[in-house]
Amino acid sequence: MSTDSKKEESDAVVAAGTKRIREEDENEEKEEEEEKDDEKVEKVEKAPITTDGIMPQKKFYRSRAHCNPLSHNDAFDYPIEPSAFDWTVDHYPNHPDLSKNKVIQPDVLDVGCGFGGLTIQLSTLLPQNTILGIEIRAKVCEYVRLRIVALRKENQSSTQQQQQQYENASVMRSNAMKYLPHYFRPNSISKLFFCFPDPHFKEKNHRRRIISERLLSEYIYLLKPTHARLYCVTDVEELHLWHVKKCNAHPLLRKLSDEEMKEDVCVETMRMVTEEGKKVERAGAGKYYAVYERIGVKEGAVHAKNFFNEGEFGVVRSNNKKDGGD
């Protein structure tokens, strides 16, 4: 073999070795970068863990704005009847009324409470009531729980009256479209709030809306017979008209006048303090709201003979025999 051939062969071996070393170095650098990325992901996943008593950071508890309340993806535990559930264990351990030997049960519900702005504000606005926020999203519900615990801790070093602040507020993860009668006795709720619910624009999804004929009867079953109120606010005019139509059609609801709504301190609070309400305000969009009062059976003269009259409660005569028409 000539000297030139040996030199070329040697150069080829060196080049191949250099290429292999370069590839190995590149692979090692790539693996190191992937490990760093994995470490970053792990840190992000661990970051949301917040100790009770410390105010949580909302950025770690972001979640999808809405979810399907009719899905069966989540299994919720619920009592067989309201008397089987003790609200003082996890929700109101230091409620001001415990010393008066009163039965502790929420009488103001913030359905779909989101990040808890209204729930917490109502705690100080209605100190004689027991406030409960209901939220279906697990991460958001945990944020509100931690927020309430932190506020309670902040007030422990305050005066006796301030120490009791936020002890009458709590949050629970549940599906309000399915389980409310399992938790609350008939005629026990004073106020029901529905703030900026999912509009479910598609007609096939209208059955997911939080206010409907069926659900209204369930809400009224829970509301106190007189002076209990149902509040609804949205930034979607179409959904507002839906709310008004369904509520106007129910024989046990009376719509409050503009003057009556101005006198209710909860109306302005409902419009302004929720996170969604603040977002709408910043965007300069409109807010549409209505308040309805539960009326007594005698006042409404509702009975078996007229409950399903045409025009009552949204009843419309059908010409289709399959639908039960004449």
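Rules used throughout
Residues numbered from 1 in each chain as written. Predicted model: local features only at pLDDT ≥ 70, side-chain atom pairs only at ≥ 80, totals over all residues. Heavy atoms only, no water. Helix = DSSP H or I, 4+ residues; strand = E, 2+ residues; numbered from the N terminus. Expected span 1.5 Å × (residues − 1). Buried < 20%, exposed > 50% of the residue type's maximum accessible area, 1.4 Å probe, protein only. Contact = heavy atoms within 4.5 Å. Axes fitted to C-alpha atoms, helices over the stretch in contact; angles between N-to-C directions. Parallel < 35°, antiparallel > 145°, perpendicular 65-115°, else oblique. Left-handed = near helix turned anticlockwise from the far one by under 90°. Nonpolar A, V, L, I, M, F, W, Y, C, P; charged D, E, K, R; others polar.

Caption draft 1: How the structure looks around helix 4 (residues 138–154). In this model, helix 4 (17 residues) spans 24 Å end to end at C-alpha, consistent with the 24 Å of a helix rising 1.5 Å per residue. Among the residues making up helix 4, those that are buried are V140, C141, Y143, V144, L146, R147, I148, A150, L151 and R152. Where helix 4 is buried, its residues touch helix 3 (117–125), strand 2 (131–135), strand 3 (169–173) and helix 11 (275–283).

Caption draft 2: Expanded view of the packing of helix 3 against helix 10 (residues 265–272). With their axes 10 Å apart at the nearest point, helix 3 and helix 10 run at an angle of 155 degrees to one another. The pairing of helix 3 with helix 10 is recorded here as roughly antiparallel in orientation. You can see that helix 3 and helix 10 cross each other, and the crossing is right-handed. Between helix 3 and helix 10, the contacting residues are L118, Q121, L122 and L125 on the first element and V265, C266, T269 and M270 on the second. Within the contact of helix 3 with helix 10, the residues separate by chemical class into six nonpolar, two polar and no charged.

Caption draft 3: Molecular detail of the environment of M270. Residue placement: M270 occurs in helix 10. When residues no more than four places from it in sequence are discounted, the contact partners of M270 are L118, F193, C195, F196, Y231, C232, V233 and Y289.

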